[in-house]
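Observations on the model geometry
So you can see what is in the structure, the chains are spelled out below.
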Amino acid sequence: MEVIKVRDYNEMSEKAAEYIIEKVKANSKIRLGLATGGTPLGLYKNMVTDFQHNNTSYRRVTSFNLDEYVGLSEEHPNSYRYYMNKSLFNHINTLKSNIHLPNGNAVSLQEECIRYDQLIQDSGGIDLQILGIGQNGHIGFNEPGTPFGSKVHVVRLTESTRQANKHFFNHMNEVPTHAITMGIQSIMKSKEILLLASGGQKSVAIHKLLQGEVSQQFPASILQLHPNVTVIADEEALSLAL
Ligand code: F6R
């Protein structure tokens with residue numbers, strides 16, 4: 001794993017945007033895997049600013065998001081589709097038909113998992129996957145204990161993950177109980193992975209990611225076995241690691 005140490009959240013966001021923009025310029029048909037949450041918001045902001053100033057084109061780019069809540073409509077302000085539209089897609093020239101998220105409102109969630117998995121495979125697979133990391137080591141919504149061989153699947157969210165996400169909702173009881181997520185195997189199939197982390201609350205997770213043992217109890221640890229992972233983390237996130 002290559003580690004790029006940056007000063008703070010802003011520098012992490014700038015560096016990550018530079019990294020991705022360079023990849024998009026080098027391969028206009030790149031297939032990106034995208035994440036939501038607090039961490040990539042600054043990254044997306046920088047991508048939008050770059051688009052406005054430099055016209056980096058996303059017309060031929062395809063994207064697959066990691067996950068989506070079950071039971072929220074696409075227009076629901078807390079759905080990941082809404083988050084992506086608001087923070088990125090509405091402001092760049094991506095084609096709607098090239099944007100993909102799991103459908104958390106599918107009649108059959110099991111069939112939706114199979115469809116999404118197949119869609120990623122049929123596209124040729126993800127070239128560059130962006131990841132955040134949970135304090136318990138989750139990536140996507142793959143909580144501790146998730147089999148490393150997992151594909152796209154439905155998960156029941158743990159209380160700690162629901163708590164961590166509750167600031168996006170008015171009340172705890174509005175936070176969904178389930179989500180669809182790419183599995184660990186789906187993530188590991190990406191040709192390249194860029195993991196972002198900022199802040200002291202991620203320091204234990206980053207320490208375990210870089211120096212802990214590979215264990216299903218800490219899902220992100222599997223990334224140690226991936227041949228092409230870059231971590232961009234700030235000083236606080238790296239405070240226990242280096
Ligand atoms: C988001 C996702 C999650 C987050 C993780 C960190 O699509 O899959 O794994 O990356 O929960 O969240 P933040 O960035 O809010 O700390």
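Look up: the structure comes first, before these words.
Structure report, in brief.

Reading guide: rules and limits
Along every chain, residues carry numbers that run from 1 in the direction the sequence is written. Thresholds applied to this predicted model are a pLDDT of at least 70 for local features of residues and 80 or more for the giving and counting of side-chain atom pairs; totals over whole chains, interfaces and linings are not thresholded and use all residues. Only hydrogens and water are removed before side-chain values are computed, so all heavy atoms of the structure are retained for them. Counting from the N terminus, the helices are the DSSP runs of H or I reaching at least four residues and the strands are the DSSP runs of E reaching at least two. The atom set for the radius of gyration is the C-alpha atoms, and the globule formula is 2.2 Å times the number of residues raised to the power 0.38. Partly exposed describes any residue whose relative accessible area lies between the buried limit of under 20% and the exposed limit of over 50%, with all areas from a 1.4 Å probe on protein chains only and scaled to the type maximum. The method behind every accessible area is Shrake-Rupley, applied with a 1.4 Å probe, and residues are considered shielded solely by the protein chains displayed. None of His or the chain ends enter the tally, which takes Lys and Arg as positive and Asp and Glu as negative. Where a charge sits is defined by one atom per residue type, namely NZ (Lys), CZ (Arg), CG (Asp) or CD (Glu). In this scheme Phe, Tyr and Trp rings, the latter by its six-membered ring, pair at centre separations within 6.5 Å, and the angle between planes marks the pair as stacked below 30 degrees, edge-to-face above 60, and tilted otherwise. DSSP calls a pair of strands paired once it identifies at least 2 bridges connecting them. Residue contacts are counted whenever heavy atoms from the two residues lie within 4.5 Å of one another. Note on definitions: angles span 0 to 180 degrees between N-to-C directions of axes, and those axes are lines fitted to C-alpha atoms, for helices only across the stretch in contact. In this text, near means that some heavy atom of the residue lies within 4 Å of the molecule or strand in question. The definition of a polar contact used here is a pair of N or O atoms within 3.5 Å, where within protein one atom must be able to donate a hydrogen and the other to accept one, and adjacent residues in sequence count solely through side-chain atom pairs. Here a cavity denotes grid points, spaced 1 Å and computed from the protein atoms alone, that fit a 1.4 Å probe unable to get out, and a pocket denotes an open set having protein on both sides within 12 Å along at least 5 of 7 lines; residues with an atom within 4 Å of a point are the lining. A cavity or pocket is said to hold a molecule if more than half of that molecule's atoms lie within 2 Å of its grid points. Here the nonpolar group is Ala, Val, Leu, Ile, Met, Phe, Trp, Tyr, Cys and Pro; Asp, Glu, Lys and Arg are the charged ones; every other residue, Gly included, is treated as polar. Within this analysis, the arc is defined by the directions that extend from the helix axis to the C-beta atoms. Expected helix span is given by 1.5 Å per residue-to-residue step, counting one fewer step than there are residues. By salt bridge we mean one thing: a side-chain nitrogen of Lys or Arg within 4 Å of a carboxyl oxygen of Asp or Glu.

When helices and strands are tallied, the chain shows seven helices and 10 strands. Against the compact-globule benchmark of 18 Å for 242 residues, the chain has a radius of gyration of 17 Å, which places it among compact chains. For the chain, the residues scored as buried account for 54% of the 242 residues in total. Put simply, the chain shows about 11000 Å² of open surface, and 49% of that area lies on carbon and sulfur atoms. Here the chain carries 22 positive and 24 negative side-chain charges, and the mean point of each set is 4 Å from the other.

All right, on to the packing of aromatic side chains then. Tallying each qualifying case throughout the model produces seven aromatic pairs. Ring centres 6.5 Å apart and planes at 80° place the aromatic pair Tyr44 and Tyr83 in the edge-to-face group. One end of the pair, Tyr44, is in helix H2 (residues 41-54); the other, Tyr83, is in helix H3 (residues 80-87), and 39 residues separate them in sequence. Look at Tyr44 and you get buried, because its relative accessible area is 0%. In this structure Tyr83 comes out as buried when scored by relative accessible area, which is 11%. Where Tyr69 meets Phe141, the ring centres are 5.8 Å apart and the plane angle is 45°; that geometry is what we call tilted. Taken together, the positions of Tyr69 in strand S4 (residues 67-69) and Phe141 in the loop between strand S6 (128-131) and strand S7 (153-156) put the pair 72 residues apart, joining distant regions of the chain. Each member of the pair, Tyr69 together with Phe141, is buried. Following the ring pairs from residue to residue traces out a cluster consisting of Tyr69, Tyr80, Phe141 and Phe169.

Through backbone hydrogen bonds, the strands of a sheet pair up, either in parallel or in antiparallel fashion. Strand order in the open sheet formed by seven strands is S1-S10-S9-S6-S2-S3-S5, and the pairing between neighbours is parallel. In the strand order of this sheet, the two ends are held by strand S1 (2-6) and strand S5 (99-100), each with one partner. Bridge count for strand S2 (residues 31-34) against S6 is two bridges, and the pairing is parallel. Across the sheet, the residue bridging to Leu32 is Leu128, located in S6. Strands in contact with helix H4 (residues 109-123) are S2, strand S3 (62-65) and S5; relative to S3, the strand with the most contacts, it is inclined by about 150°.

Another aspect to go through is the site of the ligand. Taken together, 13 residues sit near the ligand, with Thr39, Asp67, His138, Gly140 and Lys202 positioned nearest. Note that an oxygen atom of the ligand is positioned 2.4 Å from one of the side-chain N or O atoms of Thr39. One of the side-chain N or O atoms of Lys202 is found 2.6 Å from an oxygen atom in the ligand. In isolation the ligand offers 410 Å² of accessible surface; the protein chains occlude 87% of this area. The cavity where the ligand resides is the largest pocket. Within the shell around the ligand, the residues separate by chemical class into four nonpolar, seven polar and two charged.

As for its placement among the helices and strands, Asn85 is situated in helix H3. With 11 residues separating them in the primary sequence, Asn85 and Lys96 have C-alpha atoms 9.8 Å apart. Contacts of Asn85, omitting those with residues within four sequence positions, involve Asn90 and His91.

All right, on to H3 then. Because an α-helix packs 3.6 residues into every turn, residues spaced three or four apart end up facing the same way. Within H3, the full set of buried residues consists of Tyr80, Arg81, Tyr83, Met84 and Ser87. Angularly, the buried residues of H3 cover 160° about the axis, an arc narrow enough to put them on a single face. Buried positions along H3 lie against S2, H2, S3, S4, S5 and helix H5 (159-165).

Another aspect to go through is H4. The end-to-end C-alpha distance of H4, which contains 15 residues, comes to 21 Å, matching closely the 21 Å that a straight helix rising 1.5 Å per residue would cover. Those residues of H4 that fall on the buried side of the exposure criterion are Glu112, Cys113, Tyr116, Asp117 and Ile120. Along H4, the residues classed as buried sweep out an arc of 130° about the axis, all on the same side. Of the exposed residues in H4, the ones pointing more than 90 degrees away from its buried face are Gln110, Glu111, Ile114 and Asp122.

Two side chains with opposite charge may pair up if their charged atoms get near one another. One pass over the structure, following the stated rule, counts seven salt bridges. Note that Arg81 and Glu74 form a salt bridge whose closest N and O atoms lie 3.7 Å from each other. Close ionic contact of Arg162 with Glu159 constitutes a salt bridge, the shortest N to O distance being 3.1 Å. With Arg162 and Glu159 both in helix H5 and three residues apart, the pair spans about one turn of that helix. Salt bridges sharing common partners tie together Arg31, Asp127 and Lys191.

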